[in-house]
Amino acid sequence: MKLLYQGQFQEEQNYNLGGYCMSQQSINAIKVLGVDAINKAKSGHPGIVMGAAPMAYSLFTKHLRVNPAVPEWINRDRFVLSAGHGSMLLYALLHLSGFEDVSIEEIKNFRQWNSKTPGHPEFSHTKGVDATTGPLGQGISTAVGMALAERYLAAKYNKEGFDIFDHYTYVICGDGDIMEGVASEASSFAAVQKLNKLVVLYDSNDICLDGETKDAFSENVRARYESYGWNTLLVENGEDVVAISNAIERAKQSDKPTLIEVKTIIGAGSPNKQGTNGVHGAPLGEEETTLFRKKIDWKYAPFEIPEEVYEDFKVNVAERGETANSKWEKLYNEYKEKFPELAAELEEVLLRKDIKHLSKESFNFKNVGEAQATRNSSQDAINSIAAVLPTFFGGSADLSHSNMTFIKGEELQDNINRTARNIQFGVREFAMATVLNGLTLHGGVRVFGGTFFVFSDYLKAALRLSALQNLPVTYVFTHDSIAVGEDGPTHEPIEHLSSLRTIPNSYVFRPADAVETQAAWYLSQKINTKPTSLVLTRQSLPVLENTSFEKVEKGAYTVYETSNDFDTIIIATGSEVALAIDVAKTLENDGVKSRVISMPSMELFEEQSKEYKENLLPFNIRRRISLEMGSTALWYKYIGLDGLAIGIDKFGASAPANKVIEEYGFTVEKVVDRIKNEL
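Because the structure is a prediction, the values reported are computed rather than measured.

### Some thoughts on the UniProt feature "domain: Transketolase-like pyrimidine-binding" (unreviewed entry) in the chain
In the numbering adopted here, UniProt assigns the feature "domain: Transketolase-like pyrimidine-binding" (unreviewed entry) to residues 372–543. What you have in residues 372–543 is 37% helix and 19% strand, and the ends, taken at the C-alpha atoms, are 8 Å apart.

### Concerning the UniProt feature "active site" (unreviewed entry) in the chain
Per the UniProt entry, the sites bearing "active site" (unreviewed entry) are Glu429 in this numbering. Topologically, Glu429 is positioned in helix α15 (residues 429–442). For Glu429, a relative accessible area of 8% puts it in the buried group. Leaving out residues up to four positions away in the same chain, Glu429 has contacts with Glu185, Ala397, Thr451, Phe455, Tyr458 and Leu459.

### Quick word on the packing of helix α3 (residues 87–97) against helix α11 (residues 307–338)
Running from amino to carboxyl end, α3 crosses α11 at an angle of 85°, the nearest separation of the two axes being 8 Å. Here α3 is positioned roughly perpendicular relative to α11, judged by the angle of their axes. In this structure, α3 uses Leu93, His95, Leu96 and Ser97 to contact α11, whose residues at the interface are Val309, Tyr310, Phe313, Val317 and Ala318. Per-class residue counts for the contact of α3 with α11 are seven nonpolar, two polar and no charged.

### Quick look at the domain arrangement of the chain
Once the domains are mapped, the chain shows domain 1 (27–322), domain 2 (357–543) and domain 3 (554–678). Between domain 1 and domain 2, the C-alpha centre-to-centre distance is 33 Å. Counting residues at the interface gives 32 residues for domain 1 and 34 residues for domain 2. Note on domain 1 versus domain 2: buried area summed over both sides is about 2700 Å², and carbon and sulfur give 65% of it. Taken together, the connections running from domain 1 to domain 2 amount to zero salt bridges.

### Comments concerning the environment of Gln424
By the element assignment, Gln424 lies in strand β12 (residues 422–424). A relative accessible area of 34% means that Gln424 is categorised as partly exposed. Separated by 128 residues in the primary sequence, Gln424 and Ile296 have C-alpha atoms spaced 51 Å apart. Excluding residues within four positions of it along the chain, Gln424 makes contact with Phe189, Ser396, Asp398 and Leu412.

### Brief notes about the sheet that holds strand β8 (residues 231–235)
On the basis of which strands lie adjacent, the open sheet formed by five strands has the order β3-β4-β5-β9-β8 and parallel pairing. Each of the sheet's edge strands pairs with one partner strand only, and the pair in question is β3 (78–81) and β8. Strand-to-strand twist of the sheet, defined as the mean angle between neighbouring strand axes without regard to direction, takes the value 15°. Strand direction decides the pairing type here: strand β5 (residues 198–204) and strand β9 (residues 258–263), joined by six bridges, are parallel. Residue pairing across strands places Tyr202 opposite Glu261, the latter belonging to β9. The strands touched by helix α2 (residues 46–62) are β3, β4 (169–174), β5 and β9; relative to β5, the strand with the most contacts, the crossing angle is about 155°. Each of β4, β5, β8 and β9 is contacted by helix α9 (residues 241–252), which is oriented at about 170° to β8, the strand it contacts most.

### Looking at the side chain of Ser141
Within the fold, Ser141 resides in helix α5 (residues 138–157). Setting aside residues up to four positions removed in sequence, Ser141 forms contacts with Val182, Ala183, Ala186, Thr434 and Val435.

### A look at the sheet that holds strand β21 (residues 624–627)
Taken in spatial order, the five strands make up an open sheet running β18-β20-β19-β21-β22, and their pairing is mixed. Among the strands making up the open sheet, the edge pair consists of β18 (557–561) and β22 (644–646). Taking each pair of neighbouring strands and ignoring which way they run, the sheet shows an average axis angle of 20°. The pairing of β18 with strand β20 (residues 594–598) spans four bridges and is antiparallel. Counterpart to Thr558 in the pairing with β20 is Ile597. This element, helix α19 (residues 576–588), spans β18, β19 (568–572), β20 and β21 of the sheet and lies at about 160° to β19.

### Focus on the environment of Gly267
Here Gly267 lies in the loop between β9 and α10 (286–295). Sequence separation of Gly267 and Thr547 is 280 residues, and the distance between their C-alpha atoms is 62 Å. The residues contacting Gly267, other than those within four sequence positions of it, are Gly47, Met50, Gly51, Gln274 and Val279.

Parameters and conventions
Residues numbered from 1 in each chain as written. Predicted model: local features only at pLDDT ≥ 70, side-chain atom pairs only at ≥ 80, totals over all residues. Heavy atoms only, no water. UniProt positions renumbered as here; feature names shortened; annotations may be inferred. Helix = DSSP H or I, 4+ residues; strand = E, 2+ residues; numbered from the N terminus. Buried < 20%, exposed > 50% of the residue type's maximum accessible area, 1.4 Å probe, protein only. Contact = heavy atoms within 4.5 Å. Axes fitted to C-alpha atoms, helices over the stretch in contact; angles between N-to-C directions. Parallel < 35°, antiparallel > 145°, perpendicular 65-115°, else oblique. Nonpolar A, V, L, I, M, F, W, Y, C, P; charged D, E, K, R; others polar. Domains from an automatic or database assignment. Buried area = accessible area lost by both parts, 1.4 Å probe. Salt bridge = Lys/Arg side-chain N within 4 Å of Asp/Glu carboxyl O. Pairing = 2+ DSSP bridges.

This is the structure:
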């Protein structure tokens, strides 16, 4: 098969370098590298490496367009090993293809401290890994976002004769991925969007960790995907590299996303373990490895790979990718000459340097005393940002008119309106978050997604991967407290603030008014290596006199103070900041001198200097109160064991919002009484 520039292939009789025999030796090399590394580490998953090696080889050497010398090339094909437990399959491919990060020494250090070959693939840790995978279902779902990003950027920046964005997103997934609900959510969404450059190779081997899949999983997967609206293909023999390659080629001609079911044997080549769950997640061991090597006639020492295998990958992966990359570079240079303004914009968005055009002056502010829900303030901010940042877009899980996440004057993004900036994710919170991750991993876009705060539980696993991968995704969570009212405890978040605040490498903002909300949005776009969660109200909040756009970046600051010699500190967030100020004013009548602190982001506050923290929270002021309509779990860090945490450590209730708030003690009178009685 011969690579043509636009990513299409022309059939020839045989593969390069000696036809099938050459491909079989290379496939065996992939298998043996996986087995050797897993044996040495004494842990890992050899089954998928051995069973899926032929399809992976066919994909990498005949279709996947990457340049190992320039792993970040923006127009490379993306590859996601959704079955991330089979990481040695990916590491073997990267090593043989010539990716510098994955040397033979790193293969030998599989799963060891500080190696480039961790137990599951980690984006940014190892060059050549396009996504962090391992939590099953999230890989295929993330790939949907990558394909969506390619389509959006192609529609926005390509010009006739200048296909700057023109690549595919490939996935290898397993039965476990297909079982996970999030894969179904995302696959359904991909079909609606008609993401025809998404190709999924389904390693169908009928075995899962606990035994045979038939004991838990019996549906016709291809029929299910056809019902979604996918193109589906079947390769009955997972060892037939020509059939696999032909199927991939057919998939690339489809106007729909494609699922290729490849029937494989888990642990193929292991005389006593193949086809059983015994080879899924445990090393083969010395005795079985000896038998395996004999069966495939492998005569080389552990970690020894014949030169002709390296040559095969050099010609069919590295050199092919380098040629495609060079042609693209030439095309892009011509593009820059013909469309200089568009190219300049594109380079800014790819590097996230477009943020220089966004500032405080980009936002429209309410006057002090004016009131609106912070979800409405958020919508103001979204539309201000959309007017400045050219590839900023997002949507909601069927709640855009409740989350206030709609960009005005824009249509819904679909296969027709490819550059529209509103996405209807449907009631698919988890898939929405994984798609946001994929969009961000691809690069060139700034994205957000919204739902009710209580439903952050549904997508938390993906938010966690946003943080783990250093992805600046913005999550918009509205209806943030018991003020949801009549919808009752099922819709009233309690533990959720504490839960999100404990996720490493992420920011949580709970703004007090329109000013803090817009500042939080600005910071979410300025931040490049962490996700941001904006936690917003349904009820109206007044613009406070002393809230500060600039000081939100400190995470916490003084918003009201009785006098410099204060003896009491009240820390509040969100809707409770205004309440805290009124409480302080009431306590002043009894001679209590208070400082009220708005703390929109605990995480940002933790990044400040010791001097700033001590100045804001002097150690000698021990009478401290926290005020927040949520779990009190984390507040003792700031108020001490001798402080008073006023919050909610039980579920909510159904009634009009004001009644629920009153009954749960969040009125000036009840808060003042608690402070007097308990401190």
